[in-house]
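One-letter residues, chain by chain:
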Amino acid sequence: EHHNRLIPRENIPENADLPDVFLDTLEDLLAKMRKRMDKQKVQKLARAIHDSEKIGVYSYTGCFAEIFLQSDIFVSGKICDVFQQERDMIEHTKVLTPKDLVILLVPKCVYGTQADKAIEDIHKHGGKVCVITDSQHFNGLKKAEMSFVFDGVMHSIDMLVLQTFLCVLVMEYRRMFLDEV
């Protein structure tokens, strides 16, 4: 029940206009993301994607931004696979090499998943990992070569923040490597 709600029940005042509360919450989260986002680090990630042979996107959020990123990576002549099922993520780690990068989108509700195992397996096969999450307490942050951590309210609305960050990455990747072509 907790993670199926878009916004925390305790954030909804009695008789409140739900769309306004939702949009206000999203606006606040996006403002916090914008404030914390290191644009040079985003460029560094775009460069790491471009310098990698294969890119994997492991996403527990599974929406539209992964597809935008995948298509731009394809256009730049790279291989990019997107996985949403843990068994597929773990299987994909077996084909990684030291020239490969995995972008792992991990929501706070990661506990009870195999995200830590995925990171271990990525490293076991020589790959590098970038973690994008709304959980400052995710153990995998210590193991990642690169990470981006944003505030969340531990509800479904947090996925929109992670998707928005990916959209920023897509725009930066396109600006750096495709718009010049």
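Cut-off values and rules
Residues numbered from 1 in each chain as written. Predicted model: local features only at pLDDT ≥ 70, side-chain atom pairs only at ≥ 80, totals over all residues. Heavy atoms only, no water. Patch = residues over 30% accessible without salt bridge, like charges linked within 9 Å, V, L, I, M, F, W, Y side chains within 5 Å. Areas by Shrake-Rupley, 256 points an atom, 1.4 Å probe, with all protein chains shown as cover. Salt bridge = Lys/Arg side-chain N within 4 Å of Asp/Glu carboxyl O. Lys, Arg positive; Asp, Glu negative; His and termini not counted. Charge placed at Lys NZ, Arg CZ, Asp CG, Glu CD. Helix = DSSP H or I, 4+ residues; strand = E, 2+ residues; numbered from the N terminus. Buried < 20%, exposed > 50% of the residue type's maximum accessible area, 1.4 Å probe, protein only. Phe/Tyr/Trp six-rings, centres within 6.5 Å; stacked < 30°, edge-to-face > 60°. Pairing = 2+ DSSP bridges. Axes fitted to C-alpha atoms, helices over the stretch in contact; angles between N-to-C directions. Contact = heavy atoms within 4.5 Å. Parallel < 35°, antiparallel > 145°, perpendicular 65-115°, else oblique. Left-handed = near helix turned anticlockwise from the far one by under 90°. Nonpolar A, V, L, I, M, F, W, Y, C, P; charged D, E, K, R; others polar.

Looking now at a negative patch on the surface. Where like charges cluster on the molecular surface, the negative patch consists of Asp-17, Asp-20, Asp-24 and Glu-27. Here Asp-17 is to be found in the segment before α1 (18-36). Exposure remark for Asp-17: the relative accessible area of 42% places this residue in the partly exposed category.

Moving on: the packing of aromatic side chains. Evaluation of the coordinates by the stated rule reveals five aromatic pairs. Seen from their ring centres, Phe-150 and Phe-165 are 5.2 Å apart, and the 45 degrees between their planes marks the pair as tilted. Placement of Phe-150 in the loop between β5 (146-149) and α6 (157-177) and of Phe-165 in helix α6 is noted, with a sequence separation of 15 residues between them. In this structure Phe-150 comes out as buried when scored by relative accessible area, which is 2%.

Turning next to the pairing of strand β1 (residues 54-59). With six of six residues buried, β1 lies mostly within the body of the structure. Burial of the side chains of β1 extends over both faces: Lys-54, Gly-56 and Tyr-58 are buried on one face and Ile-55, Val-57 and Ser-59 on the other.

Moving on to the sheet that holds strand β4 (residues 128-133). Within the open sheet, the five strands sit side by side as β2-β1-β3-β4-β5. Their pairing is parallel. Looking at which strands have only one partner, the edges of the open sheet turn out to be β2 (79-83) and β5. Sheet twist, expressed as the average angle between the axes of neighbouring strands with direction ignored, equals 15 degrees. The pairing of strand β3 (residues 101-106) with β4 spans six bridges and is classified as parallel. Of the residues in β4, the one forming a bridge with Leu-101 is Lys-128. Most of the contacts of helix α5 (residues 115-124) go to β4, to which it runs at about 155 degrees, and overall it touches β1, β3 and β4.

Okay, the packing of helix α4 (residues 86-93) against α5 next. At their nearest, the axes of α4 and α5 sit 8 Å apart, and the two run at 15 degrees to each other. Of the possible angle classes, the one that applies to α4 and α5 is roughly parallel. In the crossing of α4 with α5, the sense of the turn from one axis to the other is left-handed. Here Glu-86, Ile-90 and Thr-93 of α4 lie close against α5, whose contacting residues are Ala-115, Lys-117, Ala-118, Asp-121 and Ile-122. Each residue belonging to the contact of α4 with α5 can be placed in one class, and the counts come to four nonpolar, one polar and three charged.

This brings us to unusual backbone geometry. Positioned with a positive phi, Asn-15 is a non-glycine residue whose angle comes to about 65 degrees. For Asn-15, a relative accessible area of 77% gives the class exposed.

So, on to the packing of helix α3 (residues 65-75) against α6. Axis separation between α3 and α6 bottoms out at 8 Å; the angle between their running directions is 15 degrees. By the criterion of interaxial angle, the relationship of α3 to α6 is roughly parallel. Note on packing geometry: the crossing formed by α3 with α6 is left-handed. For the pair α3 and α6, the contacting residues are Ala-65, Glu-66, Phe-68, Leu-69, Asp-72 and Ile-73 in the first and Gln-163, Leu-166, Cys-167, Leu-169, Val-170, Tyr-173 and Arg-174 in the second.

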